[in-house]
Amino acid sequence: MSDKLKQFINDNREAFDADAPQSKLWDALQQKLEAKNKVKSFSFRKPLLWAASFAGLMILSVSIYSILQKKERGDVQESAGTETEIVELLDPIQARQISQFHEVIELKQTELKLLEKEQPELYKEFITDINSLDSSYTALKAKLPDNPNREMLLEAMINNLQLQSDLLTRQLRIIKEIKQKKYSHEKQIS
């Protein structure tokens, strides 16, 4: 049978070759063949886009996290009752010093308050001096959360408290001298 088929094709070859397929059909076949034989090339574009997107997302996440942490620390510092609690968040040793100075200053101010009844003018002058140093201390304390050089600011706060303590000590010494002179003068009169 295959011999008969070969014989038929050979006898009618001219008739077969006379009819050509349409050009559209050849173009479609050629495109399909080219698509199959086409070598796929690797592009770095998609992985780079993914990597850039991931990096941007990470930067955004870290930024939001740091902003929230700063806000949380700010809230902690604002909610702290005293500056000692604020300082404890930064340096426990300096917090202890500040706490000790506050205790000493409070004791000396209580002692000084007793003078208010005996000599109001002198008391008023002493309180003005103390309030001046205290307002400086309050200004330093207000700058503490936002200051990048906290160590230096803490030292300034401690120095201010030291000055307040020294000033109160001198004021109390003046009061004792006045009382002694008054007592000795009364003793001489009687």
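The coordinates are above.
Residues numbered from 1 in each chain as written. Predicted model: local features only at pLDDT ≥ 70, side-chain atom pairs only at ≥ 80, totals over all residues. Heavy atoms only, no water.

Participant: For this particular structure, what's the right way to read the side chain of K108?
Facilitator: Along the chain, K108 falls in helix 6 (residues 92-113). Buried charge K108 goes without a salt bridge, the closest partner of opposite sign being D166 at 6.0 Å. Not counting residues within four places of it along the chain, the set of residues in contact with K108 comprises S165, L168, T169 and L172. (Helix = DSSP H or I, 4+ residues; strand = E, 2+ residues; numbered from the N terminus. Buried < 20%, exposed > 50% of the residue type's maximum accessible area, 1.4 Å probe, protein only. Lys, Arg positive; Asp, Glu negative; His and termini not counted. Salt bridge = Lys/Arg side-chain N within 4 Å of Asp/Glu carboxyl O. Contact = heavy atoms within 4.5 Å.)

Participant: What am I meant to see in the environment of L161 here?
Facilitator: Checked against the element boundaries, L161 lands in helix 9 (residues 150-189). Considering only alpha carbons, one finds L161 and F101, 60 residues apart in sequence, at a separation of 6.2 Å. Not counting residues up to four positions away in its chain, the partners in contact with L161 are I98, F101, H102, I105 and Y137.

Participant: Any chance you could explain the nonpolar core here in plain terms?
Facilitator: General note: in soluble globular proteins, nonpolar side chains tend to be found buried as a group. Within the largest apolar cluster, 22 residues are counted, with the highest numbers of intra-cluster contacts made by I98, L112, L115, F126, M157, L161 and I175. For this core, the secondary-structure elements that each account for two or more residues are helix 6, helix 8 (120-143) and helix 9. For this core, the element with the most residues is helix 9, which contributes nine residues. (Core = buried A, V, L, I, M, F, W, Y, C linked by side-chain atoms within 4.5 Å.)

No statement about biological role is implied by the geometric values presented.
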